[in-house]
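# Residue-level structural notes
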Amino acid sequence: MVERDIRLFFQYKFLIIIRAIWFISQIVLFGLIASRMISTDAVQDYFRYYVAGLSVMTLYSAAIFIGFDIYEEAEHGVFEYLLSLPVSRRQLVLGRSIGGGLRAFIYVGPLIGISLYVLGSVNPLSFLVSLFALFLFSFGVSGMSITIAVIIKSSDRFDILMGVLDALIVRLSTVMYPLAVVQTANPLYGGVASFNPITYAADLFRWGTGIEAIITLDNPLMPLLGIIAFFAFFTFVGVTIYDRRIEGGGWQ
Amino acid sequence: MKAVLHILEHDFRNFFRYKWWLVGLISMNLADLFIMAIVYNRMISDEVAQQITSYFNFFAPGLAVTGLFASAFMIGREINMERRREVHHYMLSLPMTRLELAIGRVLSGGLRGMLYMLPLLLTCFLFLDFPTIWQLLLILAVLFLLAIGISGLSIAIAVSTSSLEKFITARGLVYYTLFFCSSVFYPLSLIQQLGRDGKFPMILVTMAEVNPLSSASDMIRYFLLGYPPFYFVSIINVLVFAAIFTFGATFAYMKIIERK
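Reading guide: rules and limits
Residues numbered from 1 in each chain as written. Chains lettered and ligands numbered in written order. Predicted model: local features only at pLDDT ≥ 70, side-chain atom pairs only at ≥ 80, totals over all residues. Heavy atoms only, no water. Helix = DSSP H or I, 4+ residues; strand = E, 2+ residues; numbered from the N terminus. Buried < 20%, exposed > 50% of the residue type's maximum accessible area, 1.4 Å probe, protein only. Contact = heavy atoms within 4.5 Å. Core = buried A, V, L, I, M, F, W, Y, C linked by side-chain atoms within 4.5 Å. Polar contact = N/O pair within 3.5 Å; in protein donor to acceptor, adjacent residues only side chain to side chain. Buried area = accessible area lost by both parts, 1.4 Å probe. Salt bridge = Lys/Arg side-chain N within 4 Å of Asp/Glu carboxyl O. Phe/Tyr/Trp six-rings, centres within 6.5 Å; stacked < 30°, edge-to-face > 60°. Lys NZ or Arg CZ within 6 Å of the ring centre and 35° of its normal.

Residue and element names in this part refer to chain B. Topologically, leucine 107 is positioned in helix α6 (residues 98-127). Residue classification places leucine 107 among the partly exposed positions, given a relative accessible area of 25%. Put simply, leucine 107 and isoleucine 7 are 100 residues apart on the chain and 9.1 Å apart in space, counted from C-alpha to C-alpha. Non-local contacts of leucine 107, meaning those with residues more than four positions away in its chain, are made with Val4, Leu8, Phe144 and Ile148.

One finds Tyr46 and Phe137 of chain A together with Tyr40, Tyr55, Leu143, Leu146 and Phe185 of chain B to be the most contacted residues of the largest nonpolar core, which totals 174 residues. With 12 residues, the next largest nonpolar core counts Phe79, Leu82, Val150 and Tyr242 of chain A among its residues.

Take the side chain of serine 215 of chain B next. Residues and elements named next belong to chain B. Inspection of the secondary structure puts serine 215 in helix α11 (residues 212-225). Overall, serine 215 belongs to the buried group, its relative accessible area being 6%. From its side chain, serine 215 meets the backbone oxygen of serine 234 in a polar contact 3.5 Å long. Aside from chain neighbours lying at most four places away, what touches serine 215 is Glu209, Ser234, Asn237 and Val238.

Moving on, we come to the interface of chain B and chain A. Facing the 48 residues of chain B at the interface are 47 residues of chain A. For the chain B face of the interface with chain A, the top three residues by lost area are Tyr40, Met43 and Glu165 of chain B, together amounting to 17%. The interface formed by chain B and chain A contains 2 salt bridges. Among the ionic pairs, aspartate 32 of chain B bridges to arginine 171 of chain A, the shortest N-O distance being 2.3 Å.

With that out of the way, let us pick up the side chain of serine 182 of chain B. Residues and elements named next belong to chain B. Of note, serine 182 is situated in the loop between α8 (164-180) and α9 (188-196). Within the structure, the side chain of serine 182 is placed 2.7 Å from the backbone oxygen of phenylalanine 179, a separation counted as a polar contact. If we skip the residues at most four places from it in the chain, serine 182 touches Ile191, Ala208, Asn211, Leu213 and Ser214.

For the structure shown, the criterion picks out 37 aromatic pairs over all chains. Ring plane angle 40° and centroid distance 6.0 Å describe the contact between phenylalanine 135 of chain A and phenylalanine 139 of chain A, whose orientation is recorded as tilted. Pair noted here: phenylalanine 135 of chain A and phenylalanine 139 of chain A are both in helix α6 (residues 124-152), with a separation of 4 residues, about one helical turn. The class of phenylalanine 135 of chain A is partly exposed, set by a relative accessible area of 28%. Take phenylalanine 139 of chain A: its relative accessible area is 14%, and that puts it in the buried class. Against the face of tyrosine 49 of chain A rests arginine 206 of chain A, its NZ or CZ located 3.5 Å from the ring centre. Taking NZ or CZ as reference, arginine 221 of chain B lies 3.7 Å from the ring centre of phenylalanine 58 of chain B, over its face.

See below:
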């Protein structure tokens, strides 16, 4: 299953190139211009701060796309073929979850390379820890995407729900702004941002790339545990839900 | 004309069938205003604060344009779905000319965008200020032209892409290019300054200046906030954009939709 999902992903060369252009255009356009707008008192170097956050945002978006693949398969009748394969339902969903996460990670790898070039020096040990956390985060997001896709079974609703989730959980995280500023702006937003897996991933990545000076991360263990919990929940609960919902049709 | 009205009715009925879509779009737009803009308000530099006073106020007109873009773009998604599910054969079998069908689709996309955008524009008026009646009419006319152009753009993409994933990816690319290279999220003066400093390609500066999204956002800002300066040439930008994509989409819809 993992091999199939990765092979499928690399068939979409056009999409991969376009998404790489998204990433670079966000750095060049939004990152560069917004950094001119932000006070250095709030964030010392907003450009670097944003580039690190953008890598996590891109990883999140790439991992979410496995859900759209599931709808394409349901629409074209490939789902029935997958169900007829000599693998258990659990193996099927676990394979898809790992495949979705892994391909997102492979896709984001070169983009993380670009980020590292922009961000500069790296502490190797911290970077490996943060990379491991991003791996788990990617599997967790892809598990979440699969879980939601099989619960909703409607591509329209899935697309819009992913849009809403993206709007809320990305904006209520530290991807675009530091936690201290979010807390000052609104304590409720700050509370949500403190328990957001994207916050954990973004902060750990900044910590791993050595730009923790512009974030407030006292203990990297806490976000790491948060990401492990997120991964475990959506991988293992996702397997159970997938197992129950996968059959019976009803795809729209 | 009657045929076009039938298409409008069909598309408006479809629009209201997608209640989830509308709820989702509104949530996304409001999240931008009430989360992102409020937090950015705390981060803007003194220099920018002198120009725009508050990021929340600055962004509110941009939000109306963002909402207009998202909802006018929805027609493309429906047409892409019709094409994938081969519903377009039914549409082509209707007793009307291809031209009427194509014009009806472009027009309904734009009108649906306007309908969706109105509450966002009203929110903007409530938080900032109310324009005079002539200013309001001009705002609505320019936004209508913009909506038609966006609807045309989305239809052109929809008929040229064969899968939902490709359509969504192309939508993202168009969104990032048009929005980030405009004055929706930040003042145009910042982009121009970066261009003068040699840190931003002049071609992108020019693109931001002639971008119809910049023209529409800045026109509303001028009427409600008194800045940035408003030039009538910006209305020409929107008019040209609307003309290109209305005719382009009509042509593309008529030609590509018939292909196997």
